[in-house]
Amino acid sequence: MDAVVLKNLSKTYPNGKKAVSGIDFSLKQGEIFGFLGPNGAGKTTTVKLLTGMLTPSEGECRVLGLNPAETPEKVHDLSGVVTEHAQMYNNMTGKQNLVFYGSVFGITKAEAEKRAGSLLEQLDLEEAGDQKLSTYSTGMRQRLSLARALIHRPRILFLDEPTSGLDPESAQNVNQLIRKLAEDKKITIFLCTHQLRYAQEICTRYGLMDQGKLLATGTLGELRQRIDSDTILEICAAHMPEGLGFQKAEEMLYENRIHRDSEIPVLVRQIVTGGGDIYSVKVRKPSLEDIYFSLTAREKEDA
Ligand SMILES: Nc1ncnc2c1ncn2[C@@H]1O[C@H](COP(=O)(O)OP(=O)(O)O)[C@@H](O)[C@H]1O
Ligand SMILES: [Mg+2]
């Protein structure tokens, strides 16, 4: 059974805003799926549809075979959800919060305490576990929110911008934990983020969204094949002659898509004879960001 299935899933809000338009894809169990796109792309709306907080306007979705619009409580039993702004109880300690949310899922107090202890340790919150939530930093809260989502050993984890607002070190901590969770393949992870670089570090497959539409899905290798060229030549130069097809990426840095390695010496020679002083030449594979921009540009051309 697939972990998640979306079929022609669409959501139009009561004000007429079409946030999700007819998207189709599925996730196998154990995948770490990166659901990517800028703010407003429709990621959060999709998570809300998958967790039964919204019902589709058209189409349908399944989580481990269950329809969240019909049996949200069953979907909740199997899922953990981390939203951008997690609400927990400020006047309770970290551990009390976890035990409380455990009881919501029907876990006995003894078991919840044991599980909470182990999660607090894994998330580097062992000492903070006995402090009130009101004393927690944003990074600590976010990690506690992840612990809360995991308290009932869910089979699928929905993470909506889990590192938003975190400093780089806390974000790194959260990333490491997500990667560790994914290693034992017992859990499927649906990760929404607009931080494409961050997704590329941890996901096994991706779905790229733009304005409610799904542009493409696939592994990084598969997505690279969807764009015209899978090699980018990066040249650091003081001056770039016109007409060679280079785009300026930043000050003194120019990029060009190439198809064959034999194009490299030809271009380098042309730059030099055109009066360009070259400081470095580098070849790289397109990143998720490159792919995303390439696909959205093509979309605009078609429209
Ligand atoms: N409750 C709502 N009513 C009307 N429009 C909404 C509502 N929630 C979100 N939207 C709009 O739907 C679009 C998709 O939003 P969202 O799913 O939050 O995107 P993302 O999570 O990718 O940033 C945006 O244009 C947003 O403004
Ligand atoms: Mg969002």
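Just so we're clear, the structure is a prediction, and the values are computed from it rather than from any experiment.

K.L.:
When you look at the overall build of the protein chain in this model, what are you seeing that I'm missing?
P.N.:
What the protein chain contains, in helices and strands, is ten helices and 13 strands. Overall, the C-alpha framework of the protein chain stretches about 75 × 45 × 35 Å when taken along its three principal axes. Counting every position in the protein chain, which comprises 303 residues, the buried fraction comes to 49%. Restricting to contacts in the protein chain with at least 6 residues of sequence separation, those with at least 24 account for 67%. Carbon and sulfur atoms form 47% of the exposed surface of the protein chain, whose accessible area is close to 15,300 Å². Across the protein chain, the centroid of the 37 positively charged side chains sits 4 Å from that of the 40 negatively charged ones.

K.L.:
Which parts of the structure should I look at to understand unusual backbone geometry?
P.N.:
A positive phi angle, close to 45°, is found at Gln 211, a residue other than glycine. Along the chain, Gln 211 turns up in the loop between strand E8 (205–210) and strand E9 (213–218). Classification of Gln 211 as exposed rests on a relative accessible area of 61%. The backbone of Met 252 sits at a positive phi, close to 70°, despite the residue not being glycine. You can see Met 252 is positioned in the loop between strand E11 (247–250) and strand E12 (253–258).

K.L.:
Where do I start with the sheet that holds E8 in this structure?
P.N.:
Hydrogen bonds along the backbone pair up the strands of a sheet, which may run parallel or antiparallel. Read from one edge to the other, the open sheet built from six strands follows the order E5-E6-E7-E3-E8-E9, with strand pairing classed as mixed. Bordering the open sheet on either side are strand E5 (79–82) and E9, each of which pairs with just one other strand. Recorded for the sheet is a direction-independent mean angle of 15° between the axes of neighbouring strands. Pairing analysis gives five bridges linking strand E6 (residues 156–160) to strand E7 (residues 188–193), with the strands arranged parallel. Note on E7: the bridge partner recorded for Asp 160 is Cys 192. Against the sheet, helix H6 (residues 168–183) engages strand E3 (32–36), E6 and E7, with an angle of about 150° to E7. Relative to E8, helix H10 (residues 288–302) is tilted by about 40°, and along the sheet it contacts E3, E8 and E9.

K.L.:
How do you make sense of the side chain of Asn 175 when you look at a structure like this?
P.N.:
Relative to the elements of secondary structure, Asn 175 occurs in helix H6. Leaving out residues up to four positions away in the same chain, Asn 175 has contacts with Thr 163, Tyr 198, Glu 201 and Ile 202.

K.L.:
Got a minute to help me understand the pairing of strand E1 (residues 4–12) in this structure?
P.N.:
Regular strands place side chains that alternate from one sheet face to the opposite one. Examined bridge by bridge, E1 and strand E4 (residues 58–63) share five bridges and lie antiparallel to one another. Each bridged residue has a counterpart across the sheet, and for Ser 10 the counterpart in E4 is Glu 58. With antiparallel pairing between neighbouring strands as the criterion, E1 and strand E2 (residues 18–27) make up a hairpin whose turn holds five residues, including Gly 16 at a positive phi of roughly 95°.

K.L.:
Whenever I open this one, the nonpolar core confuses me. Can you help?
P.N.:
Counting residues in each nonpolar core, the largest one holds 53 residues, and the members touching the most others are Leu 146, Leu 157, Ile 189, Tyr 206 and Leu 208. For Leu 146, the residues in contact, after removing those within four places along its chain, are Val 82, Leu 123, Leu 157, Leu 159, Val 174 and Leu 177. Counting 24 residues, the second-largest nonpolar core is a separate cluster that includes Phe 33, Val 63, Val 75 and Met 209.

K.L.:
What am I meant to see in helix H4 (residues 109–122) here?
P.N.:
Side chains that are three or four residues apart share a direction in an α-helix, a result of its 3.6 residues per turn. With 14 residues, H4 should reach 20 Å at 1.5 Å per residue; the first-to-last C-alpha distance of 20 Å fits that figure. Taken together, the buried positions of H4 are Ala 112, Arg 115, Ala 116, Leu 119 and Leu 120. One face of H4 carries all of its buried residues, which in axial projection span an arc of 135°. Exposed and oriented more than 90 degrees from the buried face of H4 are Ala 110, Lys 114 and Glu 121. Residues of H4 that are buried in the fold lie against helix H3 (94–104) and helix H5 (138–150). Within two residues after H4, Asp 124 carries a phi angle of roughly 65°, on the positive side.

K.L.:
What exactly am I supposed to notice about the site of ligand 1 here?
P.N.:
Looking at ligand 1, the residues that line it are Tyr 13, Asn 15, Lys 17, Ala 19, Pro 38, Asn 39, Gly 40, Ala 41, Gly 42, Lys 43, Thr 44 and Thr 45. Tyr 13 is positioned such that a nitrogen or oxygen atom in its side chain is 3.4 Å from a nitrogen atom of ligand 1. One of the backbone N or O atoms of Gly 40 is found 2.6 Å from an oxygen atom in ligand 1. In isolation ligand 1 exposes 560 Å². Once the protein is present, 65% of that is buried. Residue contributions to the shell around ligand 1 peak at three residues, all from helix H1 (residues 43–50).

K.L.:
Please clarify how the pattern of salt bridges should be interpreted in this entry.
P.N.:
Oppositely charged side chains are able to pair whenever their charged atoms sit close together. Throughout the structure, instances matching the rule amount to twelve salt bridges. With a shortest N-O distance of 3.7 Å, Arg 179 and Glu 201 are connected by a salt bridge. Taken together, the residues Arg 179 in helix H6 and Glu 201 in helix H7 (residues 196–202) connect sequence positions 22 residues apart. Three or more residues joined by partner-sharing salt bridges are found here, namely Glu 234, Glu 255, Lys 282, Arg 284 and Asp 290.

About the thresholds
- Residues numbered from 1 in each chain as written.
- Chains lettered and ligands numbered in written order.
- Predicted model: local features only at pLDDT ≥ 70, side-chain atom pairs only at ≥ 80, totals over all residues.
- Heavy atoms only, no water.
- Helix = DSSP H or I, 4+ residues; strand = E, 2+ residues; numbered from the N terminus.
- Buried < 20%, exposed > 50% of the residue type's maximum accessible area, 1.4 Å probe, protein only.
- Contact = heavy atoms within 4.5 Å.
- Areas by Shrake-Rupley, 256 points an atom, 1.4 Å probe, with all protein chains shown as cover.
- Lys, Arg positive; Asp, Glu negative; His and termini not counted.
- Charge placed at Lys NZ, Arg CZ, Asp CG, Glu CD.
- Pairing = 2+ DSSP bridges.
- Axes fitted to C-alpha atoms, helices over the stretch in contact; angles between N-to-C directions.
- Core = buried A, V, L, I, M, F, W, Y, C linked by side-chain atoms within 4.5 Å.
- Expected span 1.5 Å × (residues − 1).
- Arc of directions from axis to C-beta.
- Near = heavy atom within 4 Å.
- Polar contact = N/O pair within 3.5 Å; in protein donor to acceptor, adjacent residues only side chain to side chain.
- Salt bridge = Lys/Arg side-chain N within 4 Å of Asp/Glu carboxyl O.

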